[in-house]
Amino acid sequence: DAGVTQSPTHLIKTRGQQVTLRCSPKSGHDTVSWYQQALGQGPQFIFQYYEEEERQRGNFPDRFSGHQFPNYSSELNVNALLLGDSALYLCASSADRGNTDTQYFGPGTRLTVL
Amino acid sequence: DQQVKQNSPSLSVQEGRISILNCDYTNSMFDYFLWYKKYPAEGPTFLISISSIKDKNEDGRFTVFLNKSAKHLSLHIVPSQPGDSAVYFCAARRNNQGGKLIFGQGTELSVKP
């Protein structure tokens, strides 16, 4: 049973460019959340997708957008990249069974903005 | 506004002894708490969780304690093993806020043989 997978593993972009990161959830999971982890910090919640809709959003600007597909996989898009967007981007999946569902994380995509 | 805090950036413990990792929170609306372990170049791995209706939850060598009046939780690892060396994050979720987890800054545990 494959866990959460993310692609690509690493990515280097320049300021002003746009990037798309991809995530496939764990089998049986229908909910995908995205987090940004800066160096030395804990992950910060970006948003969560369920039934192809953004269900909840953290304190991130509109440059961060996402999408969920019918097969529950998801994309995170970041426009007009800034140096401060350099971070590890983590995807987590869960099965929507109420407030105690546990999120399982993928290995992350390391984004470097030059 | 750091709602979940792990005030110890690092902890060093001898193999076989107990490791105690601490976490404090400020929001009394949090009702579900989780601990994750993270190795370099990997995503966080779920360890153990606890609901606010409990004060203790055990899973093998791992035990989480919750003190709601003090807004404090701790993770005990007994006995500690070198393979436990990793960064540990506590996370909290507020009731009726779906999947949004709020993480602490992490504590790096080093277990020495």
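Residues numbered from 1 in each chain as written. Chains lettered and ligands numbered in written order. Predicted model: local features only at pLDDT ≥ 70, side-chain atom pairs only at ≥ 80, totals over all residues. Heavy atoms only, no water.

Before going further, it helps to spend a moment on the overall build of chain A. Helix and strand counts for chain A come out as zero helices and eleven strands. Ordered by position from the N terminus, the helices and strands of chain A form the series β-β-β-β-β-β-β-β-β-β-β. A compact globule built from 114 residues would reach a C-alpha radius of gyration of about 13 Å, and chain A, at 13 Å, matches this within 12%. Along the first, second and third principal axes, the C-alpha atoms of chain A reach 40 × 25 × 25 Å. Expressed as a percentage of the 114 residues in chain A, the buried residues total 50%. Sequence separation of at least 24 residues holds for 53% of the intrachain contacts in chain A that already meet a minimum separation of 6. Just so you have it, chain A exposes about 5400 Å², and 48% of that area is on carbon and sulfur atoms. Once the 9 positive and 11 negative side-chain charges of chain A are each reduced to a mean point, those two points are 11 Å apart. (Helix = DSSP H or I, 4+ residues; strand = E, 2+ residues; numbered from the N terminus. Rg over C-alpha atoms; globule rule 2.2 N^0.38 Å. Buried < 20%, exposed > 50% of the residue type's maximum accessible area, 1.4 Å probe, protein only. Contact = heavy atoms within 4.5 Å. Areas by Shrake-Rupley, 256 points an atom, 1.4 Å probe, with all protein chains shown as cover. Lys, Arg positive; Asp, Glu negative; His and termini not counted. Charge placed at Lys NZ, Arg CZ, Asp CG, Glu CD.)

If you look at the interface, chain B gives 22 residues, while chain A gives 20 residues. Between chain B and chain A lies a buried interface of about 1600 Å² when both sides are counted; carbon and sulfur atoms form 51% of it. It is P44, K100 and F103 of chain B in chain B that bury the most area against chain A; as a group they hold 26% of the surface buried on that side. In this structure, the connection of chain B to chain A is made through three residue pairs in polar contact (both at pLDDT 80 or more). Residue assignment for the side of chain B that touches chain A shows that the elements contributing at least two residues are β4 (30-38) and β9 (86-94) of chain B. Tallied by class, residues from the side of chain B that touches chain A come to eight nonpolar, eight polar and six charged. (Buried area = accessible area lost by both parts, 1.4 Å probe. Polar contact = N/O pair within 3.5 Å; in protein donor to acceptor, adjacent residues only side chain to side chain. Nonpolar A, V, L, I, M, F, W, Y, C, P; charged D, E, K, R; others polar.)

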